[in-house]
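Geometric and topological summary
Given next are the chains, with one letter for each unit.
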Number of protein chains: 2
Amino acid sequence: MGDQLKFGALNNLFGFHLRQAYTPFGQAYREAAANFELKPSQYTVLALIKHNPGRRQSELAEALNIERSNFVPIIEALESRGLLIREKSREDRRSYSIEVTPKGKALVTKATAPILAESDRAAAVLSGSEQETLRKLLYKLYSDKKTRPVNASTGERLSELRYIVIEYNYFTT
Amino acid sequence: MGDQLKFGALNNLFGFHLRQAYTPFGQAYREAAANFELKPSQYTVLALIKHNPGRRQSELAEALNIERSNFVPIIEALESRGLLIREKSREDRRSYSIEVTPKGKALVTKATAPILAESDRAAAVLSGSEQETLRKLLYKLYSDKKTRPVNASTGERLSELRYIVIEYNYFTT
DNA sequence: TATTGTTATACTCTATAACTATA
DNA sequence: TATAGTTATAGAGTATAACAATA
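Since the structure is predicted, the reported quantities are computational estimates derived from the model, not experimental observations. (Residues numbered from 1 in each chain as written. Chains lettered and ligands numbered in written order. Predicted model: local features only at pLDDT ≥ 70, side-chain atom pairs only at ≥ 80, totals over all residues. Heavy atoms only, no water.)

Nonpolar side chains in soluble globular proteins tend to end up buried together. Judged by nonpolar contacts, the single largest core of 98 residues is most densely connected at A:Leu10, A:Leu18, A:Tyr43, A:Leu134, B:Leu10, B:Tyr43 and B:Leu134. Every residue in contact with B:Leu134, bar those within four places of it in the chain, is listed here: A:Phe14, A:Leu134, A:Leu137, A:Leu138, A:Leu141 and B:Leu126. (Core = buried A, V, L, I, M, F, W, Y, C linked by side-chain atoms within 4.5 Å. Buried < 20%, exposed > 50% of the residue type's maximum accessible area, 1.4 Å probe, protein only. Contact = heavy atoms within 4.5 Å.)

Next comes the structure, spelled out in structure tokens:
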């Protein structure tokens, strides 16, 4: 019941394939993070700040491709739980310098293994080298500013994506 | 001012990379579809039905990884604009058989080229063979049922993803 | 009993504009 | 004037439970 369907024009739409692939990972991510009272966005932000202490909110938000305005409630939720602290920057008193507290670090440490395990399980259909290739191609895709849509009136990219260092040797194919 | 950031543990989270890559494509998709008064989900559904006439809603929803309940308003919006028609199935009077109207077909035909052009522009940082590899890996990832999360109580996959035929020769690496 | 489609509801993420305080 | 962070609000997608009609 229910033969296979054809994608037709959708085959050539990367947005479609990316969403199809993201959906199950997002579900797995959400369930794994929920065990630690964290939304995916909250775990992501906490982990990013842990690895990059002392950054401004807007730097962090841009790196994650999240609007600054949407970043505020994420930070607030984490701060109110004592998982991170904000300090007015001395150099620029408009901005905050953010760090993860010991409690926050402990939570990231505790949550990371099961979250990665769930991700690995979902990705297990791909071999190790296929996973490496996929990561490499995805990173290449989203780290390039040309990927971003253009504002029709100004011709500017809608928001700049800060380049982010990948620890691995991604581009030595 | 804005050195590069490190991803740390996020590097190994496919859900993270997929979301990062999806975000700009989703924006581009949304803007391109909006020129035809269509949300991305609506264009996707319309294109899928055009290529697979006469299917039941639940088949289509499962193929797109959309909950049946969330599929209803998408179908209703398209039907109310005269872009598709539903008919009670004779074999199973619980279900509907769905087809795209001539008006709907014309809209898909008109919208497809600019939507694909926007996708191609966003993907242009990858070479043709890299794009082919990426598509292949993404399809392999989401077409496998093992990718889906498991229901903790029953041990069942949360929802079955119907296998979908890709017209291209994806698996002849 | 199970499935198809539906309704209702809540949650997560995203987009946009306007405001404040600092620069 | 411009930027960092904030507030408010709307939109889009997703998840869950329960229901009627039909199998």
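Quick look at the protein's contact with DNA strand D now. Close to DNA strand D lie 23 residues, the nearest being A:Ser58, A:Ser69, A:Arg86, A:Arg94 and B:Ser69. If you look at DNA strand D and keep only atoms within 4 Å of the protein, 61% of those are sugar or phosphate atoms. Here a phosphate oxygen of DNA strand D sits 3.3 Å away from a polar atom, N or O, in the side chain of A:Arg30. Among the secondary structure elements, those contributing two or more residues to the surface near DNA strand D are helix 1 (14-34), helix 3 (57-63) and helix 4 (68-80) of chain A together with helix 2 (40-51) and helix 4 (68-80) of chain B. No other element matches helix 4 of chain A, which puts 4 residues into the surface near DNA strand D. Residues that form the surface near DNA strand D fall into these classes: 3 nonpolar, 8 polar and 12 charged. (Near = heavy atom within 4 Å. Polar contact = N/O pair within 3.5 Å; in protein donor to acceptor, adjacent residues only side chain to side chain. Helix = DSSP H or I, 4+ residues; strand = E, 2+ residues; numbered from the N terminus. Nonpolar A, V, L, I, M, F, W, Y, C, P; charged D, E, K, R; others polar.)

Residue and element names in this part refer to chain B. Closest axis-to-axis distance for the helix 2/helix 5 (residues 102-123) pair is 10 Å, and the angle between their directions is 120 degrees. Relative to helix 5, the element helix 2 lies oblique. Relative to helix 5, helix 2 is oriented so that their crossing is left-handed. Residues Tyr43, Leu46, Ala47 and Lys50 of helix 2 lie in contact with helix 5, whose contacting residues are Gly104, Lys105, Leu107, Val108, Thr109, Ala111, Thr112 and Ile115. (Axes fitted to C-alpha atoms, helices over the stretch in contact; angles between N-to-C directions. Parallel < 35°, antiparallel > 145°, perpendicular 65-115°, else oblique. Left-handed = near helix turned anticlockwise from the far one by under 90°.)

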